[in-house]
Amino acid sequence: MKRLSTLLSLMVICCSFLWSQTITGSVRDADGPLSFASIVVKGTTFGTSTDNEGNFKLTVPEGATALVVTYVGYKTQEIKLDGNTNYTITLVEDYLGVDEVVVTAYGTKRSGDVTGAISTVNSEVIQDVPGVGLQTALRGRAAGVIVTQSSGTPGASVDVRVRGSTSISATNQPLYVIDGVPLISGNFSQIGVGGQDLNALADLNPNDIESINVLKDASTAAIYGSRGANGVVLITTKSGKAGRTKVEFNASYGSQDPIKLIPVLDSAGYRDYLGEIYGDRNFFLGGFQGDTYWQDLIFNNGTIEDYSLSFSGGDAKTRFYAGLSYHDNEGIIESSRFQRYSARLNLDHQANDKLSIGMNMGYNNSVNDRVRNDNNIFGIVSIAILWPSTVPVRNEDGSFASGLGWENPVNNIENYDNKIISHRLNGNAFAKYEFIDGLSLKVGLGIDALSLRETVYEPSILQSSNTGTGTNSEVTDFRWVNNYTLNYNTNFGASTLDFNIGAEFQEDRIDRLFAEVNDFPTDDFTGLSSGASPTTITGSFSGDRLQSYFANIDYSFADRFFLTGVFRTDGSSRFVNNKFGYFPGVSAGWKISNEDWMVGRGFDLLKVRVGWGQTGNNGIGNFTALQLFGAGANYLDLPGIITTQLGNPDLRWETTTQTNIGIDFGILDSRIGGSLEYYIKDTDDLLLNKPIPTTTGFASVTENIGKVRNTGFDISLNFVPVSTKDFQWDISLIAGFNENEILELFESQPIDVGFATRLAEGHPIGAFFGYVVDDIYQNDEQIAADAALDGDDTTPYQPGAAPGDFRFQDISGGAGEDGILGTADDLPPDGRITDADRTFIGQGLPSWTGGLTNIFSFKGIELNTFWQFSWGNDIYNNNLEFAEGMHSVFSVTQRAWDGRWQQEGDDADYPRAVVGDPNNNRRNSTRFVEDGSYLRLKVATLSYTFPRSVLNSIGLQKLRVYVTGQNLVTWTNYSWYDPEVSTFGETNTAPGTDFLTYPQARSIVGGINIGF
């Protein structure tokens, strides 16, 4: 029977080709032919693509009624087959992108049919940017998406916020999904080197990306339920198209250097500084007579290179994409480097009229050489700034010089060895069976497997070791995802219905090993077995499961009215009594421009959208809800077990409720268009630590308490001022406004985190808290006058104050009515500077972010510039507390030394230089808060694409050469290395802090794209 069935199938296929016909034609636009345009027989997978001259040849089966012709940037056309064998097809540019296909989780739809808030980034904006990654590709390209590359460390974490911060203790990062598989993300390093965490997503190869779609509002993200509160980033990798095999080779190479350096005192200036604060120009020099500018020694001109080779193509039955790539980023600090090797294979096969199968599989191997960086006493940037220039690199005997108990930065670079090697396999396999026309079942199995090995050796020549220290760490995270989706779509009259229901099951298992050994006999043997003193050996495993059921329905009527409904229920092993959460979403749209009474009124597109939904956040620990026990509590040589965590079985999801209102428009033949959106986003049941009596043996227990609100606007505008045969000018503006506010905390009690950050009701997450600098005391009479205001004559106004010290504002008489110091209660000054005089002095989150893209194209020459901006945020520049402290043997900046107070009448910005800081000029205050707003020429690319006449003569399909610059110019009032910074990486609570962080680089890269 099986053989008979196979034989009949082959007969049917053969007959279909006997009844088929071959047609030819060409595809062009107003200026000429279009190569690689896609032509597909409507309702089938039969198709091809145009050649370099825009011509095509296609065999169509019996009964074919139309061709569907698509090309990026042009409106999709449907060509009816009327018996002719040759067709000339002219496409019209689609400036608004209403015909672009948008991925919406478990399906796709036309951009013009979308009713929620979705932003799209195509591969064209990724390909030319040196060192771009999956997350940085979103920077300034999607309204309402804030991307902060928190440092220049190769492979370091990137902070992404979609429409603000929703959580304090759970994750604020979006969910990333590649080809339907939710990705493992976060930091898996177990060995700290400073503030910058490792970025698991740096393993992914951006050259394989076809498009990125960001689900920003709850009506769209609700399809991912408990993981959608922070938005969802859907990545679609490249696939093959029917037609001739397409070969592409891309190569780029360039250099990068620090954007700026910080002027610090030279050796003569440092001796003058010592003489002023200690009365001895040789104090603490230890005999050192060097003159070393450390920043010149640690920073270098690193290289950045990228190579990729891809093959794609296929026929009506089978399509493929295969790619190989290599990326190498040598950091601007010696010994820091990130390398990535990638391979991908995507296949689609139409087994028969009913069954199609396929797979998308990618493998990535990365090697990360790390250095000790910010917020680290042995950090290289830290020492290069604060170490005196009088210390030489080496002593007379050739050994590395040392002082202050810190590591010589050159010694640190040359001898500290930290290497991370990771392997990652991610992808899926699927089968789709169509029962009847419009009704199909899709079954998918996905995997994301991450293996990371970290080895560190600190030889005896380093102060941090002395006798040699070796550390090994291994982490594996293995994720399985399988899903089942039943889809039905149909047309009846003027209505279109697309409905799917499904189930998804996900399981993770994480295994960790960690070992540290001291006392090595020689630095020639670095294996852990060579060490004499094991200090730490640990191992653990954990995991979680997610069981989900979902449904989605899309209805449209006459291409005017659109309705979308989404529902998902998630069950998580992380919870006990509240395992399941329920997440609905609904949105509607009205395309007013398609109404008869709107025809001729000047609008090519006018659509209003409204959406509402609920999403969850399960980004907490796997065992947060459970009471935990641990071994090792030994007593009298007997093993023991103790309670290590109090459980709370009633924990439930953090739930975000969001309302979105949007308008899409296009006028003047779509030369001007865009979208405007307003949203309000409330997150309830925050997972926070509730203080409990310490008699329990614990200080706190996790409960659902607290509420955060985000409100804002997203703006996307597109302009085409000029479009002729030879010249085109395109402008795109993306901007997002967000206002974040904490509405509720446990008993309204504030929480202090980071260096100077306070979480408090009525203020945004990441607000800075401290004293307000009023002026600098000029003489003793001013100090005495302030002391006379003191109600207690025994307590001076500012203990230890002297002329040249900061005068801080007396803003409050004590605690407010609610018992919280430094609140907005109107209390009179009390003549004393106390904790009550602290107040909110800035915020780390920006009000406005976005980007402006400007493209000039003339006869193959293109100038593409991308401007990035951030406005309304402050930076807590903790560098200044040390580099401009003016109180110790630490070196200071040149500006602080030149601008210090020296005598009465000085209009100084910096206090006097004095040992010990008796007035505590270094306390958290407005002195360290700087405007973090900036405008940056982020990327500028000048390219030339050779004309078809030249390509034909050399047998190529494409030849393009370009030069790209990144981080070229920055306008900012921020005084340190870079305003795009965050010492604590992806921190929820303390963004916008800078403490001796590895700075970003400026790069110039040349490249070539070749198509065969």
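This text goes with the structure placed above it.
Let us look at the structure shown here. (Residues numbered from 1 in each chain as written. Predicted model: local features only at pLDDT ≥ 70, side-chain atom pairs only at ≥ 80, totals over all residues. Heavy atoms only, no water.)

Thoughts on a nonpolar patch on the surface
This is how it is decided: Only residues whose relative accessible area exceeds 30% and that form no salt bridge are eligible for patches; like-charged ones are grouped when within 9 Å, while nonpolar side chains (Val, Leu, Ile, Met, Phe, Trp, Tyr) are grouped when within 5 Å. Under the convention used here, a 1.4 Å probe and the Shrake-Rupley method define accessible areas, while residue burial counts only the protein chains that appear. Every case where a carboxyl oxygen of Asp or Glu lies within 4 Å of a side-chain nitrogen of Lys or Arg is listed as a salt bridge. Helix numbers and strand numbers start at the N terminus; a helix is a DSSP run of H or I with at least 4 residues, a strand a run of E with at least 2.
A cluster of nonpolar side chains, Phe492, Tyr555, Phe557, Phe561, Leu563, Val586, Trp590, Trp597 and Trp612, forms an exposed patch at the surface whose accessible area comes to about 810 Å². Along the chain, Phe492 falls in strand S25 (residues 469–492).

A word on the pairing of strand S17 (residues 232–237)
Worth spelling out the cut-off: Accessible area is worked out with a 1.4 Å probe on protein chains only. A residue is then buried under 20% of its type maximum, exposed over 50%, and partly exposed in between. Strand pairing is defined by DSSP finding a minimum of two bridges between the two strands.
The element S17 is extensively covered by neighbouring structure, given that five of its six residues are classed as buried. Where strand S14 (residues 175–178) meets S17, four bridges bridge the pair, whose relative direction is parallel. Considered in S17, the bridge of Tyr176 is made with Val233. Two elements, strand S16 (residues 209–215) and S17, share six bridges in a ladder whose sense is antiparallel.

Here's the deal with the environment of Ile23
Put simply, the test is: Every residue pair with non-hydrogen atoms within 4.5 Å of one another is taken to be in contact.
Along the polypeptide, Ile23 turns up in strand S1 (residues 21–29). Overall, the relative accessible area of 1% leaves Ile23 in the buried class. Separated by 286 residues in sequence, Ile23 and Leu309 have C-alpha atoms that sit 32 Å apart. Non-local contacts of Ile23, meaning those with residues more than four positions away in its chain, are made with Phe56, Lys57, Leu58, Val60, Leu67, Leu81, Asn84, Thr85 and Tyr87.

Quick look at the pairing of strand S50 (residues 958–972)
Side chains on a regular strand alternate between the two faces of the sheet. Of the pairings in the sheet, the one linking strand S49 (residues 934–945) to S50 comprises eleven bridges and is antiparallel in character. Paired with Val939 across the bridge in S50 is Gln966. Across nine bridges, the pairing between S50 and strand S52 (residues 1001–1011) is antiparallel. In the sheet register, Leu959 faces S52, and the bridge partner there is Ile1010.

A look at the pattern of salt bridges
Tallying each qualifying case throughout the model produces 48 salt bridges. Two residues, Lys216 and Glu677, come together in a salt bridge whose shortest N-O distance is 3.9 Å. In this pair, Lys216 is assigned in the loop between S16 and helix H2 (218–221) and Glu677 in strand S34 (residues 672–684), connecting sequence segments 461 residues apart. The burial state of Lys216 is the same as that of Glu677; both residues are buried. Residues participating in the shared-partner salt-bridge network are Arg163, Lys216, Lys607, Arg609, Asp664, Glu677 and Asp714.

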